[in-house]
Amino acid sequence: MTAGRLIRTLSRSGFALVLLVILLLLNVWLNPARFAPGAWGTLIGLAAPLIGAALASTPAILSGRGGIDVSIGPLMGFVNAIIIAALIGGLGLSDPWIVIPVAILMGAAIGLFNGVLASYVRIQPIVATLGTYLILTGLTVTIVPAPIGTIPDWLRTFSQGFSFVPPLAIFLIWLGIRQLPYYDQLMATGSDDRAAFTAGVNVPVVRLLSYVLTGIFGGIASLSLSALIGSADPNVGGNYTLLAISATALGGVSLAGGRGGLIGAAIGAIDIFLLQSALTFFNVSTFVLQVAYGAVLVIAVSSTALQERFFARTGK
Amino acid sequence: MNAALTLLKKHPLLGAILIAVLLHLLGTLLIPGYSSPFSIRAMLVLAALLAVASTGQTLVILLGGIDLSIPFVIGFANVVAAQLTGQGLPFWEVAAIVAVLALLIGAVNGALSSILRIHPLIVTLGTGTVVQGLVLIWTKGFPSGSAPGFVSSFVSIGGSIGPIPVPGLIPALIVMAVALVLVLARTPYGRKLYAQGGNPTAAPFALINPVAMWIVTFALSAFFAAIAGVLLLGFTGSAYGDVGQPYLFQTIAAVVIGGTSLIGGRGSYVGTLAGAVALTEINTLLIGLGLQPSMVQAALGAIIILLVSLYGREPHLRTTI
Amino acid sequence: MADAATLKVEGVALTAAAPPFDETIAPGDVIGLAGLDGHGQDLFLECLAGLHPPATGRVVMGGKPVTSFRNAAASGIAYLPRDRRTMGIFPNMSVIDNFGIASMRKDLRTGFISMKSRRARYERLKEQLSIVAQSPDLPITGLSGGNQQKVLLARLLARDPKVLLLNDPTRGVDIATRRVLYRVFRELANEGLSLVVLSSEIEEAIGLCDRVLVFRDQHMSARLTGADKTADRVIAAMFGRAA
């Protein structure tokens, strides 16, 4: 990524970035111990599931024409339930070389399912992934009616010293994808699928793959989630869907498709995390937290829209 | 079979009606008492509540938007109505306050989405979260108060109006549905709604004001959600802030199963009614068959995908160039 | 009364650098706009329609300045956009819905649209424009391009406009329909409407219009009338040559 491109990326998520700096300073000032370098591992571990969910949501949204994956939260919950309760607890297979590929493959398979529905069966993505949402939530609760199981030590480090690994892995994969022609095809499809189709891009395949990527990233994010909660829990996954969508919107990923990227989504997710963290410190009720989070979402997205309008008018 | 599919694609609303009827027959065959008067009345009331909650979603989706604030507005109306009733306000004052506030919330949704061109999904999610939080702060998380007696009997499964053994909600919904169908087909607002949803770029050239359409339609959506919230208060008897949560996805599902396209401009309210009945039948049938609630949910997801892939598919990109 | 239907262009320039010009479009006038694509004729037509303000000067309709699309429409200016599919038709609606969408007030009886009144208005214009449509209740997408265009024209005429601004109205329209459209345009002008027609075909502009304004590099480079109104002169002005 060139410097110019980086600056453009950052300015698109301008408000989110400013918010991030302010919230970070506020947090450090309020709670130096929690934000001390020695605690960074744990800190990142707390934020990693949300960051992962936001990153995972991005490829499907980028693919445009209403592209979105609302099943991302339940996907993380389902993978969490399977790897902890079935794979590690049931079969006793706790080796990372088995668990990690299984998590990624499950994510990819669910993503493939969503992708086929959205791209080839041509069901509106929000409806298709809503169906998947319900299926996965139902299956998860059926398999794991209540929190159960423990996690191996290596996985626990993903919420401690090595908490940066899953999000970093997603970024590295994305960095690799950006070198491929696929990336340009994805962005072209997202901004104008008819033009891309006319130009010879295989739009259905490009869309399909974006959902597979979302699934793969979701599988990786579920490792962070499993590490953080330390068990198979049927009730946590679902919450991440709306948070992840908010995070991507905050970070300037346009729901119209073709605009935004993983850095913005990550910034948006960190914003939400820091906001929660700061408000929790004040010991305000979760109610206030909720109002603040909703208000920040609306204000941030509005100001980004206003800013884009302003730039569009002044022609910069 | 092919002819049947073509017919379904042309009139997706038939699909929802067909499913509802088939499911009902299936339920009657498999489950004793499925068609008992009480069971039918219960299903009617549940479907009617879902239909009311899905009314606004239908309008908003016809417009080309989506409203995720519906469950939050339902919860808001539910709690505020109970609280105010508990403080001794007469029902009509309670209704007026709740209605005005709901209309305002919806208007904000529509204005932000259309003036700033932010995706309504994000806007309604944000405002919904704020509204719910404010209600929680106001009630400190423990809503109190009570349902107005009039509302309780209006939605009671055992209720009846004169000789007809259904609560007032059912005929009221039918009257409202007829009125709404008439409004959609025969008033400038209704025609503009379809035009704006069908081709938003062309709408301003046909002297349609998009901002006004969005504000009015989202305000209506919140208004109907508020009605659903008050009705649910009567149904359950006490206030509960999260009472609307199941309706987040159920309203979208009812609208889509009813054959209304999420792209906007295509669909009908009668379809939504059929969709609400079909969803209620599916739910009742699966629970009646002894499935766990979680499996009911999973099966519901699969059925939604199946139904929409039968008659709710989008055209191939090739055909849109 | 004639004054209320006169569209005046006062000192309008499309860019700050371009020389401003005046133009008076009186009832019965048919003005052609020509130029190579993107040389300002589109922009000029959109200024007349109130879609955006000119760089300098103003557009005045019946003594009142045109400030917005809605205010232009209210003063009797009707605009036909260029791209029928994206800016014209409502593909999800019937022929008669597409016809009536911008003039529903005329059919209102106690708040509801009278189907009878709408149908009667449609039939009149269907006759006038020779619209070929099986049933007005079928989707508009079933009509040929030319007939869709006629329905869109009917939509505008239903508003009883005083000025018609037509952005390349014969684009993608078959020969037979073109003849009908030309005949209709002349009839409308004879009835006292003024027409401003942007055309991408020079012969069409010359044959149809009383005067042709040629645009080059975002300014009006020639105003051709009478014997000057020849294909050679138009082409010369388009390419910036003297002729």
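Counting restarts for each chain, with residues numbered from 1 along the sequence as it is written. Chains and ligands are labelled sequentially in the order written, the chains with letters from A and the ligands with numbers from 1. For a predicted model such as this one, the threshold for reporting local features is a pLDDT of at least 70, and the threshold for listing and counting side-chain atom pairs is 80 or more; totals across whole chains, interfaces and linings nevertheless cover every residue.

Student: I keep staring at the overall build of chain C and nothing clicks. Help me out?
Tutor: In this text, helices come from DSSP runs of H or I with a minimum length of four residues, and strands from runs of E with a minimum of two, each type numbered from the N-terminal end. Within chain C, the regular secondary structure consists of 9 helices and 12 strands. A globule of 243 residues ought to have a C-alpha radius of gyration of about 18 Å, and chain C, at 18 Å, matches this closely. Seen through its principal axes, chain C has C-alpha atoms that stretch 55 × 40 × 30 Å. Going through the 243 residues of chain C one by one, you find that 43% of them count as buried. Throughout, a pair of residues is in contact if the C-beta atoms placed from their backbones lie within 7 Å. Residue pairs in contact within chain C that sit at least 24 positions apart in sequence constitute 65% of those at least 6 positions apart. We compute the radius of gyration from the C-alpha atoms alone; for a globule the expected value is 2.2 Å times N to the 0.38, where N is the number of residues. Working definition of burial: number of other C-beta atoms within 10 Å of the residue's own, with buried at 20 or more, exposed at 12 or fewer, and partly exposed in between, all C-beta atoms being placed from the backbone.

Student: How do you make sense of the overall build of chain B when you look at a structure like this?
Tutor: Helix and strand counts for chain B come out as 13 helices and 0 strands. The order of α-helices and β-strands along chain B, N terminus first, is α-α-α-α-α-α-α-α-α-α-α-α-α. Computed over C-alpha atoms, the radius of gyration of chain B comes to 20 Å, within 12% of the 20 Å expected from 2.2 N^0.38 for 321 residues, which places it in the range of a compact globule. Along the longest, intermediate and shortest principal axes, the C-alpha atoms of chain B span 60 × 55 × 35 Å.

Student: Hey, could you run me through the arrangement of the chains in this one?
Tutor: The top pair by number of contacts, from a total of 2 pairs of chains in contact, is chains A and B. Across all C-alpha pairs, the smallest distance from chain A to chain C is 13 Å, and the two are not in contact.

Student: Would you explain the domain arrangement of chain C in this entry?
Tutor: For an interface, size is often stated in terms of accessible area lost upon the parts coming together. Residue and element names in this part refer to chain C. Each domain's extent was defined by an automatic or database domain assignment. Considered domain by domain, chain C is made up of domain 1 (1-76 + 161-243) and domain 2 (91-160). Taken together, the contact between domain 1 and domain 2 spans 9 residues of the former and 10 residues of the latter. For the side of domain 1 that touches domain 2, the element with the highest residue contribution is helix α7 (residues 175-190), accounting for 3 residues. Residue polarity follows a fixed list, in which Ala, Val, Leu, Ile, Met, Phe, Trp, Tyr, Cys and Pro are nonpolar, Asp, Glu, Lys and Arg are charged, and the others, Gly among them, are polar. By residue class, the composition of the side of domain 1 that touches domain 2 is 6 nonpolar, 2 polar and 1 charged.

Student: Please clarify how the sheet that holds strand β2 (residues 21-25) of chain C should be interpreted in this entry.
Tutor: To summarise the sheet geometry, strands pair through backbone hydrogen bonds and adopt either a parallel or an antiparallel arrangement. All names here are of chain C. For two strands to be treated as a pair, DSSP must find at least two bridges joining them. Taking strand neighbours across the sheet as the criterion, the 4 strands line up as β2-β1-β4-β5 in an open arrangement whose pairing is antiparallel. The open sheet has two free edges, formed respectively by β2 and β5 (64-65), since each of these has just one partner strand. Strand direction decides the pairing type here: strand β4 (residues 56-61) and β5, joined by 2 bridges, are antiparallel. Looking at β5, one finds that Met-61 is bridged to Lys-64.

Student: Got a minute to help me understand the nonpolar core in this structure?
Tutor: Generally speaking, nonpolar side chains in soluble globular proteins are found buried as a group. For our purposes the nonpolar core covers buried Ala, Val, Leu, Ile, Met, Phe, Trp, Tyr and Cys residues that link as a set through C-beta atoms within 7 Å. If you look at the biggest cluster of nonpolar residues, it comprises 281 residues, and the most contacted ones within it are Leu-50 of chain A, Val-73, Ala-77, Ala-225 and Leu-231 of chain B together with Leu-165 of chain C. If one sorts the elements of this core by residue count, helix α10 (residues 210-236) of chain B sits on top with 19 residues. Beyond its immediate stretch of four places on either side in the chain, Leu-50 of chain A contacts Tyr-240, Leu-243, Ala-247, Ala-269, Ile-272 and Phe-273 of chain A.

Student: Honestly, the interface of chain C and chain B in this entry has me stumped. Any pointers?
Tutor: On the side of chain B, 16 residues touch chain C, which itself brings 20 residues to the contact. Among the residues making up the side of chain C that touches chain B, the classes are represented as 14 nonpolar, 4 polar and 2 charged.

Student: I would appreciate a short explanation of the interface of chain A and chain B in the present structure.
Tutor: Across the contact, 42 residues belong to chain A and 42 residues belong to chain B. Its residues assigned to classes, the side of chain A that touches chain B comprises 27 nonpolar, 12 polar and 3 charged.

Student: It is not clear to me how the sheet that holds strand β10 (residues 194-198) of chain C should be interpreted in this structure. Could you clarify?
Tutor: All names here are of chain C. The 6 strands are arranged β6-β9-β10-β3-β11-β12 in an open sheet whose pairing can be described as mixed. Looking along the sheet, the strands with just one partner apiece sit at the ends: β6 (77-80) and β12 (219-225). Here the average twist between neighbouring strands, direction ignored, is 15°. Relative to β12, strand β11 (residues 211-216) runs antiparallel, the two sharing 6 bridges. Note that in β12 the partner of Val-214 across the bridge is Ala-222. α7 contacts β3 (30-35), β9 (163-167) and β10 of the sheet and is inclined by roughly 145° relative to β10. Fitted lines through C-alpha atoms give the axes, limited to the stretch in contact for helices. The angle between two N-to-C directions lies from 0 to 180 degrees.

Student: In this structure, what is going on with the packing of helix α5 (residues 72-90) of chain A against helix α12 (residues 203-229) of chain A? I would like to understand it.
Tutor: Residue and element names in this part refer to chain A. As a packed pair, α5 and α12 sit with axes 8 Å apart at the nearest point and diverge in direction by 60°. With respect to α12, the element α5 is oriented oblique. Note on packing geometry: the crossing formed by α5 with α12 is right-handed. Seen from α5, the contacting residues are Ile-72, Leu-75, Met-76, Val-79, Asn-80, Ile-83 and Ile-84; seen from α12, they are Thr-214, Gly-215, Gly-218, Gly-219, Ala-221, Ser-222, Leu-225 and Ser-226. Considering only residue class, the contact of α5 with α12 consists of 8 nonpolar, 7 polar and no charged. Note on terminology: angles under 35 degrees are roughly parallel, angles over 145 are roughly antiparallel, angles of 65 to 115 are roughly perpendicular, and the others are oblique. The crossing is said to be left-handed when, going from far helix to near helix, the turn is anticlockwise and less than a right angle, and right-handed when the turn is clockwise.

Student: Would you explain the packing of helix α4 (residues 70-86) of chain B against helix α11 (residues 247-257) of chain B in this entry?
Tutor: The packing of two helices is summarised by the inter-axis angle and the distance between the axes. Residues and elements named next belong to chain B. Contact geometry for α4 and α11: axes closest at 8 Å, N-to-C directions at 120°. Of the possible angle classes, the one that applies to α4 and α11 is oblique. Within the contact between the two elements, α4 uses Ile-70, Pro-71 and Ile-74 and α11 uses Tyr-247, Leu-248 and Thr-251. Split into classes, the residues belonging to the contact of α4 with α11 amount to 5 nonpolar, 1 polar and no charged.

Student: Looking at this model, I keep getting lost on the confidence of the model for chain C. Mind explaining?
Tutor: Residues shown with low pLDDT carry predicted positions that ought not to be read at fine detail. The predictor reports its confidence for every residue as pLDDT, a score running from 0 up to 100. A residue-level look at chain C finds 98% of positions with pLDDT of 70 or above and a mean pLDDT of 90. Two numbers describe this predicted complex: its pTM, 0.91, and its ipTM, 0.92.

Student: Help me understand the pairing of β6 of chain C, please; the structure alone is not making it clear to me.
Tutor: Each regular strand displays side chains that alternate between the two surfaces of the sheet. Residue and element names in this part refer to chain C. Because side chains alternate across β6, one face comprises the buried residues Ile-77 and Tyr-79, and the other comprises Ala-78 and Leu-80, equally buried. Bridge analysis of β6 against β9 gives 4 bridges, and the strand direction is parallel. The residue bridging Leu-80 from the neighbouring strand is Leu-166, located in β9.

Student: For this particular structure, what's the right way to read unusual backbone geometry?
Tutor: With glycine set apart, most residues show a phi of negative sign, and most peptide bonds adopt trans. Residues and elements named next belong to chain C. A positive phi angle, close to 45°, is found at Thr-110, a residue other than glycine. A tally of 5 C-beta atoms within 10 Å means that Thr-110 is categorised as exposed. For Asp-168, which is not a glycine, the phi torsion comes out positive at approximately 55°. If you trace the backbone, Asp-168 turns up in the loop between β9 and α7.

Student: Can you walk me through helix α6 (residues 145-157) of chain C in this structure?
Tutor: An α-helical turn contains 3.6 residues, so any two residues separated by three or four positions project in the same direction. Residues and elements named next belong to chain C. Under the convention used throughout, the expected extent of a helix is 1.5 Å for every residue step, that is, one less than its residue count. With 13 residues, α6 ought to run about 18 Å at 1.5 Å a step, and its terminal C-alpha atoms sit 18 Å apart, in line with that. A large share of α6 lies buried, amounting to 11 of its 13 residues. Within α6, the full set of buried residues consists of Asn-147, Gln-148, Gln-149, Lys-150, Val-151, Leu-152, Leu-153, Ala-154, Arg-155, Leu-156 and Leu-157. If you follow the buried residues of α6, they end up packed against β6, α3 (84-87), α4 (95-100), α5 (115-129), β9 and α7.

Student: Which parts of the structure should I look at to understand helix α12 (residues 269-288) of chain B?
Tutor: Residue and element names in this part refer to chain B. Between its first and last C-alpha, α12 extends 28 Å over 20 residues, near the 28 Å set by a 1.5 Å rise per residue. Taking burial as the measure, the 20 residues of α12 include 17 buried ones, the bulk of the element. One or two residues past the end of α12 sits Gly-290, with phi positive at roughly 90°.

Student: How should I be thinking about the pairing of β3 of chain C in this particular structure?
Tutor: All names here are of chain C. Counting buried residues in β3 gives 6 out of 6 residues, a clear majority hidden from the surface. Burial of the side chains of β3 extends over both faces: Val-30, Gly-32 and Ala-34 are buried on one face and Ile-31, Leu-33 and Gly-35 on the other. Bridge count for β3 against β10 is 4 bridges, and the pairing is parallel. Its bridge partner being in β10, Ile-31 is matched across the sheet by Val-196. Relative to β11, β3 runs parallel, the two sharing 5 bridges.

Student: Can you help me understand the environment of Gly-158 of chain B in this one?
Tutor: Residue position: Gly-158 of chain B is located in the loop between α7 (149-155) and α8 (169-186). On a C-alpha basis, the gap between Gly-158 of chain B and Gly-86 of chain B in space is 24 Å, while along the polypeptide they are 72 residues apart.

Student: Teacher, can you tell me more about the environment of Glu-187 of chain C here?
Tutor: For Glu-187 of chain C, the location among the structural elements is in helix α7. In this structure, the C-alpha to C-alpha distance between Glu-187 of chain C and Asp-137 of chain C, residues 50 residues apart in sequence, is 28 Å.

Student: Sorry, what's going on with the environment of Ala-109 of chain A here?
Tutor: Along the polypeptide, Ala-109 of chain A turns up in helix α6 (residues 96-119). Expressed as a C-alpha distance, the spacing of Ala-109 of chain A and Gly-190 of chain A, which sit 81 residues apart in the sequence, is 22 Å.

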